[in-house]
Amino acid sequence: MLLPKIEEYFEEELSWIKNDNYRAFMEFALKNYPPYFMEVPSSSSGKYHSQWSNTKPLGLAKHTKAVALVTKLLAPAYILSEEETDLAIIAALLHDCVKFGFGGGKHTSKTHEFEGATFFARCYKAHKLELPDELYKSVYTAIATHQGQWAVTDPPKKFPEDFDKIGQLLHISDMVASRPGIRFDFLETSLVG
Ligand SMILES: [Fe+2]
């Protein structure tokens, strides 16, 4: 199967990012995702994700699209500003980008949250994006703890009190988008596999 280019596959989601610099950053980040990203299912065990996201190829990519959509749709409930909404969409697109580790192993990486945050930090530096400290920290932390109460952190995190708005939104969007029984109209076309 001939796979679409990653920046074309996520063209729609990129268009939701209003700030030109943030959109350029996200396009840069996408182009640097691990090469396996478009090939793999959303999880190796298939245990916690719905079936449509466990396809090979494009399962992880479809899951990412779904999380970005739920993030965009729920952002008003969290009363996010336009800038925060842009950054929440960025966090959603990035959250599982290193799901199988930097080296691309056979299994979901148990530390993929931290690896995803590290990837964000590297892209941030390489692209010379400039964010206020607080917002940088917010995106980094949202990615690094997107599994909510199951985030791999020491000490463990409590949801929702240990999370800011972007962190809460990303965790809830990831949960909603991956629950078995939840389906997305836009994924049920041959265009996106
Ligand atoms: Fe996810």
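Residues numbered from 1 in each chain as written. Predicted model: local features only at pLDDT ≥ 70, side-chain atom pairs only at ≥ 80, totals over all residues. Heavy atoms only, no water.

Some thoughts on the pattern of salt bridges
Working definition: two side chains of opposite charge can pair if their charged atoms are close together.
And step 1. Under the definition given, this model contains 4 salt bridges.
And step 2. Residues Lys31 and Glu27 are paired through a salt bridge, measuring 3.4 Å at the closest nitrogen-oxygen approach. Residue Lys31 and its partner Glu27 are located together in helix H3 (residues 20-31), separated by 4 residues, close to a single helical turn.
And step 3. Residue Glu27 is classed as partly exposed on the basis of its relative accessible area of 30%.
And step 4. The shortest N-O distance in the salt bridge between Asp96 and Lys99 comes to 3.7 Å.
And step 5. Judged by relative accessible area, which is 4%, Lys99 ranks as buried. (Salt bridge = Lys/Arg side-chain N within 4 Å of Asp/Glu carboxyl O. Helix = DSSP H or I, 4+ residues; strand = E, 2+ residues; numbered from the N terminus. Buried < 20%, exposed > 50% of the residue type's maximum accessible area, 1.4 Å probe, protein only.)

Some words on the coordination of the iron ion
And step 1. Those protein atoms acting as donors to the iron ion are His63 (NE2), His95 (NE2), Asp96 (OD) and Asp174 (OD), and they sit at 2.1 to 2.3 Å.
And step 2. Metal-centred angles of 82 to 173 degrees between the 4 donor atoms at the iron ion mark the site as irregular.
And step 3. The motif formed by the donor residues of the iron ion, counted along the single chain, is H-x31-H-D-x77-D. Of this pair, His63 sits in helix H4 (residues 59-74) while Asp96 sits in the loop between helix H5 (82-94) and helix H6 (112-127), placing them 33 residues apart in sequence. No difference in accessibility class separates His63 from Asp96, as the two residues are buried. (Donors = N, O, S within 2.8 Å, 3.2 Å for Na, K, Ca; no water. Tetrahedral: all angles 85-135°; square planar, octahedral: opposite > 155°, others 65-115°.)

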